[in-house]
Amino acid sequence: VERPASALKELVENAIDAGASRVAVSLAEGGLARIEVTDDGCGMSPEDMALALERHATSKLPDDAIEQVATLGFRGEALPSIASVARLTLESRPRGAKQGWRRVIDHGTLVEEGPAALPPGTLVRVERLFAKVPARRKFLRSERSEYAACLDAVRRLAMARPDVSFRLDHGGRTIF
């Protein structure tokens, strides 16, 4: 995780891989204060959420044939990295489940876990990115520059997937 745009790109790719037909992104202060990605994808069980937040390595390759890669990555591959440098709230409900589940990780430490009320899909909220890592925060650009990088990341993913509906809000304003 280098900057808000890199975290955002991973989260939106996770939503696409989850089969989402709608992805909503909300940013505050160019992604420096808050990044929120909500999707209507397949959702995750509490067990899958716990596993997705553990550090692990995966391979996108089913074998040596790179042409067979059908996803943008393993769902959750970047979540532990993001959770180690921010406050990450993960809420998810699989289709058909009576309720969702919520886990809150604050800079690598589980601080809250329990049932959550939400429609099927997943919500990921990243707050205070690099708040406890001043060396990384020092290298971030201005709010305007970080916002521009986030906007570019979402636009590129939206153009690549015309079958998915995207919404981007920044500072309470709908951008597209």
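What counts, and at which threshold
Residues numbered from 1 in each chain as written. Predicted model: local features only at pLDDT ≥ 70, side-chain atom pairs only at ≥ 80, totals over all residues. Heavy atoms only, no water. Pairing = 2+ DSSP bridges. Helix = DSSP H or I, 4+ residues; strand = E, 2+ residues; numbered from the N terminus. Phe/Tyr/Trp six-rings, centres within 6.5 Å; stacked < 30°, edge-to-face > 60°. Lys NZ or Arg CZ within 6 Å of the ring centre and 35° of its normal. Expected span 1.5 Å × (residues − 1). Buried < 20%, exposed > 50% of the residue type's maximum accessible area, 1.4 Å probe, protein only. Contact = heavy atoms within 4.5 Å. Salt bridge = Lys/Arg side-chain N within 4 Å of Asp/Glu carboxyl O.

Q: Is there a simple way to think about the pairing of strand β2 (residues 34-39) in this case?
A: Inspection of the sheet shows strand β1 (residues 22-28) paired to β2 by 6 bridges, in the antiparallel sense. Bridged to serine 26 within β2 is glutamate 36. Linking β1 to β2, which pair antiparallel, is a turn of 5 residues; within it glutamate 29 sits at a positive phi near 55 degrees.

Q: In this structure, what is going on with the packing of aromatic side chains? I would like to understand it.
A: The relative placement of two aromatic rings is captured by the distance of their centres and the angle of their planes. A complete count under the given rule lists 0 aromatic pairs for this structure. The cationic tip of arginine 136 hangs over the ring face of phenylalanine 130; the distance from NZ or CZ to the ring centre is 5.2 Å.

Q: It is not clear to me how helix α1 (residues 4-17) should be interpreted in this structure. Could you clarify?
A: For an α-helix, 3.6 residues make a turn, and residues three or four places apart therefore share a direction. With 14 residues, α1 should cover 20 Å at 1.5 Å per step; its first-to-last C-alpha distance of 20 Å lies within 8% of that length. Where burial is concerned, most of α1 is hidden: 10 out of the 14 residues are buried. Within the span of α1, buried status applies to Pro4, Ala5, Ala7, Leu8, Leu11, Val12, Glu13, Asn14, Ala15 and Ile16. Packed against the buried residues of α1 are β1, β2, α3 (79-84), β6 (121-127), α5 (143-160) and β7 (165-170).

Q: I would appreciate a short explanation of the pattern of salt bridges in the present structure.
A: A side chain with one charge can pair with a side chain of the opposite charge if their charged atoms come near. Counting across every chain of the model gives 12 salt bridges. Salt-bridge contacts for arginine 167 lead to aspartate 169; the nearest nitrogen and oxygen are separated by 3.1 Å. Of the residues examined, aspartate 169 reaches a relative accessible area of 16% and is grouped as buried. Residues joined by salt bridges that share partners form a network here, namely Arg87, Asp106 and Arg128.

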